[in-house]
Amino acid sequence: MTRVLVVWCPDWPVTAVGVDASIAGAVVVQGQVAACTAAARAEGVRRGQRLRDAQRRCPELVVRERDVDAEGRLFEIVVEAVAELTPRVEVVRPGLCALPAGGPARFYGGEEALRVLVQDTVVEAGYDCGSGVADGLFAAELAARAGEGGLVVPEGGAAAFLAPYPLSVLHSQDAGRPELADLLRRLGVKTLGDFAALPSGHVAARFGTDGALAHRLARGEEPRPLAPVKAAADLSVRAAFDPPAEQAERVVFGAKRLAAELHEALAAGGLACVRLEVAAGFADGHVLRRLWRHDGLSALAVAERVRWQLSAWQPKGGQVEDVWGGVTWLELAPDQIVPDGGRQEALWGRTTVTDRIARAADRIQALLGHQGITRPVLVGGRGPGERVVRVPVGDLVPSGLPEGPWPGRVTGPAPAVVPVTPSQAELVDTSGDAVVVSARCEVSAPPATLTVRGRPAAVTGWTGPWPADERWWDPDRSRRRARFQVTTDDGAAYLLAIERGQWHVEAVYD
Amino acid sequence: MPEAALRELVLDSAPRGTVPVLPALRPVVPGGLRPGSVVGLDGLGAASLGSALVAGVSLHGGEDGTGGWCGVVGLPGFGVAAAAGMGAVPERLLLVDDPGDRWPDVVAALCEAVDLVLLCPPERPGAAAVRRLSALARKHGCVLTLTGAFARDWPGTRLRLRLDDVAWDGLADGHGRLTGRRVQIVAGGRDAPGPGRRARVWLPAPDGTVKPAETARPPLELVPEPVAAGAPVHPRPSGGPPPVRAEVEEGIA
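Because the structure is a prediction, the values reported are computed rather than measured.

What counts, and at which threshold
Residue positions are given per chain, counted from 1 along the sequence in the order it is written. Here chains are named by letter from A upward and ligands by number from 1 upward, in the order in which they appear as written. The model is predicted, so local features are restricted to residues of pLDDT at least 70 and side-chain atom pairs to those at 80 or more, both for listing and for counting; the totals for chains, interfaces and linings are taken over all residues. Hydrogens and waters are ignored; side-chain quantities use all the structure's heavy atoms. Helix and strand labels come from DSSP, where a helix needs a run of H or I of at least four residues and a strand needs a run of E of at least two; each type is numbered from the N terminus. We call two residues contacting when some pair of their heavy atoms lies within 4.5 Å. For the area figures, the Shrake-Rupley method with a 1.4 Å probe applies, and any residue is considered shielded solely by the protein chains shown. Think of it this way: DSSP has to see at least two bridges between two strands before they count as a pair. Orientation is described by lines fitted to C-alpha atoms, with helices fitted over the stretch in contact, and by angles between N-to-C directions that extend from 0 to 180 degrees. Here the buried area means the combined drop in accessible surface, using a 1.4 Å probe, for two parts upon being joined, counting both sides. Think of a salt bridge as a Lys or Arg side-chain nitrogen and an Asp or Glu carboxyl oxygen that are within 4 Å of each other. Within this scheme, the nonpolar core is defined by two criteria: the residues are buried Ala, Val, Leu, Ile, Met, Phe, Trp, Tyr or Cys, and they are joined through side-chain atoms within 4.5 Å. Each residue's exposure class comes from its accessible area (1.4 Å probe, protein chains only) as a fraction of the maximum for that residue type: buried when under 20%, exposed when over 50%, partly exposed otherwise. Detection works on a 1 Å grid of protein atoms alone, calling trapped sets that fit a 1.4 Å probe cavities and calling open sets with protein on both sides within 12 Å along at least five of seven lines pockets, with lining residues defined by an atom within 4 Å of a point. Grid points are joined across faces, edges and corners, and a volume is the space filled by probe spheres set on the points. Ten residue types, Ala, Val, Leu, Ile, Met, Phe, Trp, Tyr, Cys and Pro, are classed as nonpolar, four, Asp, Glu, Lys and Arg, as charged, and the remainder, Gly among them, as polar. Note on terminology: angles under 35 degrees are roughly parallel, angles over 145 are roughly antiparallel, angles of 65 to 115 are roughly perpendicular, and the others are oblique. For a crossing to be left-handed, the near helix must be turned anticlockwise from the far one by less than a right angle; the clockwise case is right-handed.

Asker: What exactly am I supposed to notice about the overall build of chain B here?
Answerer: Of regular secondary structure, chain B possesses five helices and twelve strands. Expressed as a percentage of contacts within chain B between residues at least 6 apart in sequence, the contacts between residues at least 24 apart total 63%. Summed over its atoms, the accessible surface of chain B is roughly 12,000 Å², and 55% of this surface lies on carbon and sulfur atoms.

Asker: What is the right way to read the sheet that holds strand E4 (residues 62-65) of chain A from this model?
Answerer: Hydrogen bonds between backbone atoms are what pair the strands of a sheet, whose relative direction is either parallel or antiparallel. All names here are of chain A. Reading across from one edge, E3-E2-E4 is the order of the three strands in this open sheet, with mixed pairing throughout. Both outer strands of the open sheet, strand E3 (32-36) and E4, are each paired with one neighbouring strand and no more. Across the sheet, the axes of successive neighbouring strands diverge by a mean angle of 40°, strand direction being ignored. Sheet analysis places strand E2 (residues 25-29) next to E4, joined by four bridges and oriented parallel. When the bridges of E4 are listed, Val28 appears paired with Glu65.

Asker: Got a minute to help me understand the interface of chain A and chain B in this structure?
Answerer: A common way to state how big an interface is: give the accessible area lost once the parts meet. Taken together, the contact between chain A and chain B spans 47 residues of the former and 56 residues of the latter. Summed over both partners, the interface of chain A with chain B buries about 4,200 Å², with 63% contributed by carbon and sulfur atoms. The interface formed by chain A and chain B includes two salt bridges. Of the charged contacts, one joins B:Glu112 and A:Arg363 as a salt bridge, the two residues approaching to 3.4 Å between their closest N and O atoms.

Asker: How should the pairing of strand E8 (residues 176-188) of chain B be read in this particular structure?
Answerer: Remember that side chains alternate between the two faces of the sheet whenever the strand is regular. Residue and element names in this part refer to chain B. Of the strand pairs in this sheet, strand E6 (residues 159-171) and E8 are connected by nine bridges, and their pairing is antiparallel. By the bridge assignment for E8, Leu171 is matched with Gly176. Looking at chain direction, E8 and strand E9 (residues 197-202) are connected through six bridges and run antiparallel. Following the sheet pairing, Val186 is matched in E9 by Arg198.

Asker: Explanation requested: the nonpolar core in the structure shown.
Answerer: A general feature of soluble globular proteins is that nonpolar side chains tend to end up buried together. Residues B:Leu33, B:Leu53, B:Phe78, B:Leu116, B:Leu161, B:Ile185 and B:Leu203 are the most contacted members of the largest nonpolar core, which totals 43 residues. Ranked by residue count, the leading element in this core is helix H2 (residues 46-60) of chain B, at seven residues. Counting 33 residues, the second-largest nonpolar core is a separate cluster that includes A:Val4, A:Trp8, A:Val153 and A:Ala214.

Asker: Help me understand the layout of surface pockets in this model?
Answerer: It is a probe the size of a water molecule, rolled over the atoms, that shows where empty space is left. Of the volumes computed, that of the second largest pocket is approximately 1,000 Å³. Every residue lining the second largest pocket is counted, 38 residues in all, and those nearest its centre are A:Val417, A:Arg453, A:Val508, A:Asp510 and B:Gly43. Elements represented by at least two residues in the lining of the second largest pocket include exactly strand E15 (447-452), strand E16 (455-470) and strand E19 (502-508) of chain A together with H2 of chain B. Tallied by class, residues from the lining of the second largest pocket come to 25 nonpolar, seven polar and six charged.

Asker: Looking at this structure, I do not really get the packing of helix H4 (residues 68-85) of chain A against helix H6 (residues 111-124) of chain A. What am I missing?
Answerer: Each pair of packed helices can be summarised by the angle the axes make with each other and by the distance between the axes. Residue and element names in this part refer to chain A. Running from N to C, H4 and H6 point in directions that differ by 140°, and their axes come no closer than 9 Å. When the axis of H4 is compared with that of H6, the two are oblique. Considering the relative orientation of H4 and H6, their crossing is right-handed. Residue-level contacts link Val78, Ala81, Val82 and Leu85 of H4 to Leu117, Val118, Thr121 and Val122 of H6.

Asker: Any chance you could explain empty space enclosed by the protein here in plain terms?
Answerer: Under the definition given, this model contains three cavities of 30 Å³ or more. Its residues assigned to classes, the lining of the largest cavity comprises six nonpolar, three polar and three charged.

Asker: Even after reading the chapter, I still don't get the sheet that holds strand E1 (residues 3-8) of chain A, so can you show me in this structure?
Answerer: All names here are of chain A. Sheet architecture is open: four strands sit in the order E5-E6-E1-E7, paired in antiparallel fashion. Among the strands making up the open sheet, the edge pair consists of strand E5 (90-93) and strand E7 (130-135). Taken pair by pair, the neighbouring strands of this sheet meet at an average axis angle of 25°, ignoring direction. Both E1 and strand E6 (residues 96-100) contribute to a ladder of five bridges, which runs antiparallel.

Take a look at the structure:
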């Protein structure tokens, strides 16, 4: 059993939004109190309370929305302070981090000394905390919360330490298990000690894997060992421009040097990055950030992407300095670092972007920008225009696209022309009145003449209406259409749609 | 290179020297398109013809016949789904929807990489651009396929394709749905001399592909022999079957 030291910052969600522990404050999620300060707790505010109830108990309660990002960000300060003492820190969640206590305890002269040292360090960093040492993470967390600022549970004493705790700590530990605690309470098992006394085989048979896991926790056995990771070295590179670079050329030149530096650092670690974040800061404080796909890009290619990024933000015909006073710094940060497995070219049967194609695409992207040249991906959808997604060459195909079925989709051969913006059309019956579709999908009269781009043609065949009522739950994006297929006497066939009384040519079967 | 050697071992090398077309189009473009040539598409059905040519290259093109790359320039409405239905592989399509006035540079870049460029010039092509792009296409063996309003303004077009006898199937008065279209593809120009070549195909067939339309051939008919004055009514001594004639422009060959 490994000895674990846990640093616990009380009421971290409240601390993170900047509410002082001495005043009554709470953070709420969807109208329920997610966390509150000690002062608020003294007034009777509890976690899970409705905001109304909390404010009734404590009218001067300071209420904030929960900010998960800030929690993670601020907790980095605590982690860094702890990492000054011992580098192997595992962040369990914002507000709670753990480290293996064995080695550091020997170095700092005992577990109690280490515990106090860590606590003092965090308090010096500006945050209140408790710290505890015990066998395993679960016991150590409770030890950190126990007493005045935590305590040390002697080796092998975890079960005895845990025994008096009520079962509710099992589900406050990590989300889930309220049913288990509730069921056990009704069975007359009220404390962790009672629960631990049950035979483990019976617990597993009655409560399943999750119950067995909880049972291990209650007996002071750890379900998993601590997995502290060595903090990845910061591989991002940065260059400052003084005076601010007013020519894009200068920035691009700097980017080339930075990219070479970055690639060297990545190669030294045997790493590759999936994406690259390019950030450029301007003299007036603007920052341009964009993620680029980095699949074995050369330094030159990275510099080229920086150029596109700068030119993309330029107004037509203008210069960078006209807008934001020149670039003062440039940063390249590798994102999603993975071990470099090398690149494997496909033998046959799979499509690879050959060098020739990649070169041509690069040249076109240099001319027209990153979005200028695309590869189509067929996806599901009802209308012909929704069935294709255009992905810029070099970007990954979007994943998680919705799959069918698509009731009401247009079947049969696909149309050869799908205009980006449907053009308007007029469809009239024999008496010259516009053909309309009622709410019950009844066509007012058989269409006789179709006018597209001012040229009328007699209708020779038609079918419809095929109603498509999409996203009716979303007032901004909902669309209600009825589609028709129409052939005319000049040999053309159209997919028409009527929306709000206006006919459009959605596609042409050219 | 061992990889290339393996490829040659495993795959029959496609007949080199031409840019392949779909089997259904072989009667009008026998042997495939001439590399580096310019093909013009006209009138009704130009988009379907373009999709069919793209599908042919995408399916049978490339250095080893396992599939070539195509570029589509200036056609934001290109029906990818239709092309895919005819057999094109979307992964091997490069779309430049809006090249603006840089279209000659875009086509020049694509010519060096892909086997076929489907181009809709956004403006009347200038003589210099025509000369430059034609030369580049010839040099790299890339077929330039022109469509749109200015397709006729490209000098040196060796092959022109258009549709004739268009008939849609499946649609009636108020019911049914479009299932397929029977057309006659007419090839003209220097690469199809004389009256041109014709073929009846489904473009598209009910399953979205391009198929020869054998069923569309008109039935054979009996032709009575011209009767000379005073000849007996049944003059044929050998008793052979009466001569049978098919429509000449049907183009069985």
